[in-house]
Each structure stands twice: as C-alpha cells, then as structure tokens.
Amino acid sequence: MMVTPPRVAVVTGANKGIGFYIALQLGLSGLFSNIIIGCRDATRGSTACQEIQQQVADTVKVQSMALTIGDRNSHSEFCKRMEEEFGKVDVLVNNAGFAYKGSDPTPFAGQTKKTLETNFFGLVDFTEQMLPLLRQGTDPRLVNVASMSGRLRQVSPELQAKFSDPNLTMEQLQQLIKKFERDVQNGIHREEGWSNSNYGISKLGVIAATRIWARQEAPIIAVNCCCPGYCATDMSGHKGSRSASDGAKNAVIPAIMDNPPTGEFFSDYAVSQW
Ligand SMILES: NC(=O)c1ccc[n+]([C@@H]2O[C@H](COP(=O)([O-])OP(=O)(O)OC[C@H]3O[C@@H](n4cnc5c(N)ncnc54)[C@H](OP(=O)(O)O)[C@@H]3O)[C@@H](O)[C@H]2O)c1
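First things first, this report covers the structure right here in the doc. Owing to the predicted nature of the structure, the values given are computational and were not obtained by experimental measurement. Going along each chain's sequence as written, the residues are numbered from 1 onward. Totals for whole chains, interfaces and linings use every residue, but because this is a predicted model, local features are given only for residues with pLDDT of at least 70 and side-chain atom pairs only at 80 or more, for both listing and counting. In computing side-chain properties, one takes all heavy atoms of the structure into account and sets aside hydrogens as well as water.

**A few points about the overall build of the protein**
Basically, it comes down to this: Where helices and strands are cited, they refer to DSSP runs of H or I of at least four residues and of E of at least two residues respectively, numbered from the N terminus. This radius of gyration counts C-alpha atoms alone. The globule rule is 2.2 Å times how many residues there are, raised to the power 0.38. Only protein chains enter the area calculation, which uses a 1.4 Å probe; residues under 20% of their type maximum are buried, those over 50% are exposed, and those in between are partly exposed. The criterion used for residue contact is that any of the two residues' heavy atoms lie within 4.5 Å. Under the convention used here, a 1.4 Å probe and the Shrake-Rupley method define accessible areas, while residue burial counts only the protein chains that appear. His is not counted, nor are the chain ends, whereas Lys and Arg count as positive and Asp and Glu as negative. To locate a charge, the coordinates of NZ of Lys, CZ of Arg, CG of Asp or CD of Glu are taken.
Helix and strand counts for the protein come out as 8 helices and 8 strands. Against the compact-globule benchmark of 19 Å for 274 residues, the protein has a radius of gyration of 18 Å, which places it among compact chains. Counting every position in the protein, which comprises 274 residues, the buried fraction comes to 51%. Considering only contacts within the protein whose residues lie at least 6 apart along the sequence, 74% involve residues at least 24 apart. Of the roughly 12200 Å² that the protein leaves accessible, carbon and sulfur atoms contribute 50%. Here the protein contributes 27 positive and 27 negative side-chain charges, whose respective centroids are spaced 3 Å apart.

Take a look at the structure:
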C-alpha cells in the first residue's frame, strides 16, 4: 500500500525492548510511509532498522537517526534533519528511558540526576524542539511512554495538588522536579512529601508534562501517555510478565486510534486513572 501524502513516525530508543515493537507495529499499521528510529548507537540502530524493514511492506521506509536523549545538541541535530528531510512529523513516541537496576551500588542521591536528565528533562527539551514539526503534521500525535510508577499518589496531598493543577505551566513543572532534585541532595525529600523513587518522580513529571502539552497543543496535536505494563526487557532484567510486543500496544493505540482523546494515561490497552 502507498501512503500519500507521506506520513512520518518517530520513535525514540527503538533499537530494542518496547520501543522496537512500537516502531514495528507502527510500520505494520499501513498508516506511515516513513518510520524513523532515534538511537544513540549507530550500529544498534542500523541492526534494528534492518530487522524492522524485513517485516514491513517495501513501501514503508525504516531509517535510524542518531539521537541521544538528554544531549541538547543531539536533539537539535535530529530536529534539523527531520526539518530538512520531511518538514514535519506526524507521530512522535517518546519511549527512550532509563532505570538503575535494583542491584546497582550507586547511592540513591547519586542516581537522581541521570534518571531525571534522561526520563524527564531530556524528554521535555527534545519534545519542545519537535513540537513545531508535529504542528505541521496530519492528524498529529504525541505519545509519552511513562509508567504506573509515575502515579500521583506517591507524593503528598500538597504535591499532588501542584502536579495536577490544571493551570500548571511547563516552567513550574520543571521547577518542581528541580526541587525534588535539591531535596534529595539535602536529604529531606521524604519530609518534603516526595516518594523514595527517582524513577517514579521522573515518570510523574512525564505524565504532568503530557497534560500540559495536551492543553497547550489542543486541538491540533493529540497528546497522551501510557504505561506499557511490566514487560520482559533489559530494563526489567527480563522479569516482566508481559511481552515487549504486548507492552508496545499501549503506546501504539493512542498513536493510531481514530478520534483519540488528549491528555490521558493509557494502561492495559485503555484510558486509565493517573
Ligand atoms: N520494561 C518495563 O517493565 C517498563 C515498565 C514501565 C515503563 N517502561 C518504560 O518503557 C520504556 C522502554 O523501556 P524498555 O523496558 O524497553 O527498556 P530497555 O529495554 O532498557 O530499552 C530502552 C531503550 O531506550 C534507549 N535509551 C536509554 N537511554 C537513552 C538515551 N539517553 N538516549 C537515547 N536512547 C536511550 C536504549 O538505548 P540503548 O540500547 O542505547 O541503551 C533502548 O533503546 C522506558 O521509557 C521505560 O521507562 C518500561
């Protein structure tokens, strides 16, 4: 099938795990002419690219492009290339994410910066740079892969009110997450109402950011987030009870469904509560 005019989907961190299957399923959907996988390692990227290309129609072109989430220059380079090659993006799935293993000896406070930099601050900067391209898309969608770990109830009622404030701005959200970082460094994050999870707060931030972009970009871009479920990937040490392929569906559904909602959290293949 030929998709006209060209429709372009970008998936970050798609060289393995859930992201690989998100890219594959978007490629198989028949709705895209171009699938771009953003990968930080060129060899891993081109191997994954070939594997996906073999499974999708010849009319779908799968490409790997260099992208390191958390590196502002890499974000700009990627966006520049997308602008030059396509002048637009129809679907962006922010899937790249990082979690320290439970067995990692790095102390809690030492894990905060890297976790937030990849999962939250990097995702926010990259997305802000991609929004002008998405606004040029046809029926554009933005999907952020968050997690159940980002649930609102993990923080105090005062913080819950701040994160779920319908007037919260991106600037205020970034300041809140920076406060968590400072509170951890000062050893007072529990007293200040935060959970004891760097990963959980990074994903809470992603869900709050989703709701801000949903308001800001309505009615042009449908912006949603999801929890893939506990999946058997490198991140979970392959302990997850769900396949990466099934987990991927939670991101693919809001990326391709007819009449999508906006500002919602998908889990177990349907809209769920934050
Ligand atoms: N697995 C689960 O049970 C589970 C549950 C809830 C949510 N999630 C979320 O689902 C998403 C995918 O997780 P997964 O289980 O598939 O993990 P994974 O197997 O560890 O894969 C993560 C992917 O993200 C890429 N990545 C990590 N940091 C990056 C960076 N700074 N720049 C560019 N790419 C980066 C990795 O690239 P490299 O190969 O180069 O490292 C890899 O392609 C993550 O956002 C994760 O938080 C997973």
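**A few points about the pairing of strand β3 (residues 61-66)**
Where we set the bar: Pairing between strands is defined by DSSP: at least two bridges between the two strands are required. If the strands point away from the viewer and the path from the first strand over the helix to the second runs clockwise, then the crossover is right-handed.
Pairing of strand β2 (residues 34-39) with β3, which is carried by 6 bridges, proceeds in the parallel orientation. The partner of I36 across the bridge, within β3, is Q63. As a crossover connection, the stretch from β2 through helix α2 (residues 42-55) into β3 is right-handed.

**What about unusual backbone geometry?**
Backbone phi values are negative for most residues with the exception of glycine, while trans is the configuration of most peptide bonds. Residue P219 is reached from A218 by a cis peptide bond, and omega for that bond is 0°. Here H238, not a glycine, exhibits a phi torsion of approximately 60°, which is positive. Along the chain, H238 falls in the loop between β6 (222-227) and α8 (244-256). Not every positive phi belongs to a glycine, and Y269 is a case in point at roughly 70°. A residue is classified by how much of its surface remains accessible, and Y269, at 35% relative accessible area, is partly exposed.

**Quick notes on the site of the ligand**
Put simply, the test is: Whether a residue is near a molecule or strand depends on its heavy atoms: it is near if one of them lies within 4 Å of it. Polar contact criterion, stated in full: a pair of N or O atoms within 3.5 Å, where within protein one must be able to donate a hydrogen and the other to accept it, and residues adjacent in sequence count only if both atoms are side-chain atoms. Amino acids are sorted into nonpolar (Ala, Val, Leu, Ile, Met, Phe, Trp, Tyr, Cys and Pro), charged (Asp, Glu, Lys and Arg) and polar (every other residue, Gly among them).
The ligand sits among 26 residues. The nearest are R40, N95, Y199, C231 and T233. Within the side chain of R40, an N or O atom sits 2.7 Å from an oxygen atom of the ligand. One of the backbone N or O atoms of C231 is found 2.8 Å from an oxygen atom in the ligand. Isolated, the ligand exposes 900 Å² of accessible area, and the fraction of that covered by the protein chains is 93%. Secondary-structure elements contributing two or more residues to the shell around the ligand are α1 (17-28) and α7 (198-217). Residues that form the shell around the ligand fall into these classes: 11 nonpolar, 10 polar and 5 charged.

**As for the pattern of salt bridges**
For clarity, the cut-off: Basic side-chain nitrogens of Lys or Arg form a salt bridge, by our definition, when they fall within 4 Å of a carboxyl oxygen of Asp or Glu.
Tallied over the full model, the rule gives 11 salt bridges. Ionic pairing is found between D234 and K16, a salt bridge with its closest N-O pair at 2.9 Å. Residue D234 is located in the loop between β6 and α8, and its partner K16 is located in the loop between β1 (8-12) and α1; the two are separated by 218 residues in the primary sequence. Judged by its relative accessible area of 38%, D234 falls in the partly exposed class. Classification of K16 as partly exposed rests on a relative accessible area of 46%. The residue D139 makes a salt bridge to R141 at a minimum N-O spacing of 2.8 Å.

**Remarks on the nonpolar core**
The line we're drawing: Put simply, buried Ala, Val, Leu, Ile, Met, Phe, Trp, Tyr and Cys residues joined by side-chain atoms within 4.5 Å make one nonpolar core.
Membership of the largest hydrophobic core comes to 50 residues, with the highest contact counts inside it found for F78, M82, M130, F163, L173 and W213. Only β1, α3 (72-85), α4 (108-135), α5 (157-163), α6 (170-185), α7 and β6 provide two or more residues apiece to this core. Counting residues per element, this core draws most heavily on α4, at 10 residues. Ranked by size, the runner-up nonpolar core spans 31 residues in total, among them A9, L26, C39 and C226.

**Points about the side chain of N119**
Turning to its location among the elements, N119 is positioned in helix α4. Among the polar contacts listed, one links the side chain of N119 to the backbone nitrogen of F98, at a separation of 2.8 Å. Among residues more than four places away in sequence, those in contact with N119 are G97, F98, Y199, S202, K203 and V206.

**Describing the environment of S272**
Mapped onto the fold, S272 is located in strand β8 (residues 270-272). Excluding residues within four positions of it along the chain, S272 makes contact with F265, F266 and S267.

**Regarding the pairing of strand β5 (residues 141-145)**
Most of β5 is tucked away: 5 of the 5 residues are buried. Residues R141, V143 and V145 point to one face of β5 and L142 and N144 to the other, with burial holding for every one of them. Two strands pair when backbone bridges link them, and strand β4 (residues 91-94) and β5 are joined in this way by 4 bridges, in the parallel orientation. Across the sheet, residue V91 finds its bridge partner in β5, namely R141. Of the crossover connections in this fold, the one passing from β4 over α4 to the parallel β5 is right-handed.

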